[in-house]
Amino acid sequence: MKKKKKSVSYAKWGYIFILPFFITYIIFSLIPLLDTIRYSFFEYYRTGIKEVGPNFIGMKNYVSLLKSDMVVYGKNTLIMWVIGFIPQIVFALILANWFTDIRLKIRGKQFFKVVIYLPNLIMASAFAMLFFTLFSTNGPVNSIMLSIGFIKKPIDFLGSIFGTRSLIGFMNFLMWFGNTTIMLIAAINGISMEIFEACDLDGCNSIQRFFYITLPMIRPILAYTLVTSIIGGLQMFDVPQILTNGQGNPDRSSMTLIMFLNNHLKSKNYGMAGSLSVYLFIVSAILCFIVYKITNDNDPDGSKAAAKAEKRRRRRGLL
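So, here is what we can say about the structure in this document. (Residues numbered from 1 in each chain as written. Predicted model: local features only at pLDDT ≥ 70, side-chain atom pairs only at ≥ 80, totals over all residues. Heavy atoms only, no water.)

Remarks on the overall build of the protein chain
For clarity, the cut-off: Numbering of helices and strands runs from the N terminus, with a helix taken as a DSSP run of H or I at least four residues long and a strand as a DSSP run of E at least two residues long. We take the radius of gyration over the C-alpha atoms and set the globule estimate at 2.2 Å times the residue count to the 0.38 power. Note on exposure labels: buried denotes an accessible area under 20% of the residue type's maximum, exposed denotes more than 50%, and partly exposed covers the range between, all computed with a 1.4 Å probe on protein chains only. By definition, residues are in contact when any of their heavy atoms lie within 4.5 Å. The accessible surface values rely on the Shrake-Rupley method and a 1.4 Å probe; as for residues, cover is taken only from the protein chains in view. Note that His is not counted, nor are the chain ends; the positive residues are Lys and Arg, and the negative ones are Asp and Glu. The atom standing in for a charge is NZ when the residue is Lys, CZ when it is Arg, CG when it is Asp and CD when it is Glu.
When helices and strands are counted, the protein chain shows 14 helices and two strands. In summary, the protein chain has a C-alpha radius of gyration of 26 Å against a globular reference of 20 Å for 319 residues, an excess of more than 25%. Based on the C-alpha atoms only, the size of the protein chain along its principal axes is roughly 75 × 75 × 70 Å. Expressed as a percentage of the 319 residues in the protein chain, the buried residues total 34%. For the protein chain, the share of sequence-separated contacts (at least 6 apart) that also reach a separation of at least 24 residues comes to 65%. As displayed, the protein chain offers around 21,000 Å² of accessible surface, 67% of which is attributable to carbon and sulfur atoms. Across the protein chain, the mean location of the 34 positive side-chain charges is 7 Å away from that of the 16 negative side-chain charges.

Below, the structure written as C-alpha cells:
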C-alpha cells in the first residue's frame, strides 16, 4: 500500500509568520492606547516633587479641555494643513498625469522622480532650521530682496500670522508632494492601457481624459492619500515646534494640537494629555469616515440610483 503524503497547512504557517506583528502591536501600541484612554478619566499630575493621583474624576478632563484653547489650536492645525495639502495634491496630480502620459514622451523621468522625492528624505527638523535661517529678518531672502530693491525694509516673516502659517504650509508641501506624486504615478500606471486607447479613439482630449478616466480610476489611492494626510496634519508637530521655538508665535497662531499635548506631557499632566489624545483620535476617526463616504463609490454604473428613482416614481403613482 502506498503511503499517503502529509498535506502542508499553509494557513497555519501564514498565521505563524504574521504572529510577531500582532505581538509587537499589542505590546507597543494597543496596551499603551488603552492605558491612555484609562488615564484620561483620572487626575494624575506632578507639582514639583509632589505627585497627585491617580484619582478618578470621570469626564472632568474632557470638560476642562473644551473650556481651554484646544478648539483654537485645532483651527490653527486645520488651517496650516489646508495651506500645505491643497497645493500638494494639485501639483502631485499634474506631475503624475504628465509622467504617465506616453504621448508627451518626457525624457529623464526617473531623474525627475528622484528629484521630487528627495525633500521627503530630509528630516523635518533640518527643514525647519533651514527655513528659519532663510526667512529670518537678517536672512538671505531679505538680503537678496533688499539688494535688488524689491523691498525697502526687511520683512518679518516669522512675526506675522500669515507669514508663519504660510512657511509651515509651504514646508509641509515640499516634504510630502513627492511622496504623493509617486503614489499617484503607481495608481495611474495600474490603469489598463486599453481604457486610455478607447478614450483616444472616442476623441477625448487631455482634460476629458484626466477628469473622466484618470480621476475616477485612482479614487481609492486618492482616498488613501487624503486620509493619511489628515492623520499626519492632525499630528503636525516638528515643523512649527522648531520654527517657533515651541511658542507657537505670533499670538500662538501656529500652536498645533500636538504642541498643546506636548505641553501637558512636559508638565507631567498625564490625565489631561490622555483626554486630549482621545479627542484627537475621535476627530481623526470622524474626518476619515467622512472622506471614506465621499470618495467611496458603491454605485459606479448608476444602477442603484436608477432603482431608487424607479421606486420613488412607483410610490408617487400609487399615491
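Focus: the layout of surface pockets
Defined as follows: Site definitions follow a grid-based scheme: protein atoms alone, a 1 Å grid, a 1.4 Å probe that fits but cannot get out for cavities, and for pockets an open set with protein on both sides within 12 Å along at least five of seven lines, plus lining residues having an atom within 4 Å of a point. Grid points are joined across faces, edges and corners, and a volume is the space filled by probe spheres set on the points. Side-chain classes are defined by residue name, with Ala, Val, Leu, Ile, Met, Phe, Trp, Tyr, Cys and Pro counting as nonpolar, Asp, Glu, Lys and Arg as charged, and the others, Gly among them, as polar.
When its volume is computed, the largest pocket comes out at roughly 500 Å³. If you trace the largest pocket, you find 25 residues lining it, with W176, T228, S229, G232 and G233 closest to the centre. Listing elements by their share of the lining of the largest pocket, those giving two or more residues are α3 (70-100), α4 (109-121), α7 (161-189) and α10 (219-234). Looking at the lining of the largest pocket, its residues break down into 12 nonpolar, 12 polar and one charged.

Quick look at unusual backbone geometry
A cis amide bond links N249 to the next residue, P250, at an omega of 0 degrees. With respect to the element layout, P250 can be found in the loop between α11 (238-243) and α12 (257-266). Within the chain, N245 stands out as a residue other than glycine whose phi angle is a positive 60 degrees. The topology assignment puts N245 in the loop between α11 and α12. Among the residues examined, N245 registers a relative accessible area of 64% and is labelled exposed. Unusually for a residue other than glycine, D251 sits at a positive phi of about 55 degrees. One can find D251 in the loop between α11 and α12. The class for D251 is exposed, based on a relative accessible area of 70%.

Some points on the packing of helix α2 (residues 60-67) against helix α13 (residues 270-295)
To keep it simple, the criterion reads: For helices, the fitted axis covers only the stretch in contact; all axes are lines through C-alpha atoms, and the angles between them, taken along N-to-C directions, range from 0 to 180 degrees. The labels follow the angle: roughly parallel below 35 degrees, roughly antiparallel above 145, roughly perpendicular from 65 to 115, and oblique for the rest.
One can describe the packing of α2 onto α13 by two numbers: an axis separation of 9 Å at closest approach and a directional angle of 75 degrees. Overall, the two elements α2 and α13 adopt an arrangement that is roughly perpendicular. Note on element contacts: α13 touches α2 through G271, M272, S275, L276, V278 and Y279, opposite N61, Y62, S64, L65 and L66. Looking at side-chain class alone, the contact of α2 with α13 contains seven nonpolar, four polar and no charged residues.

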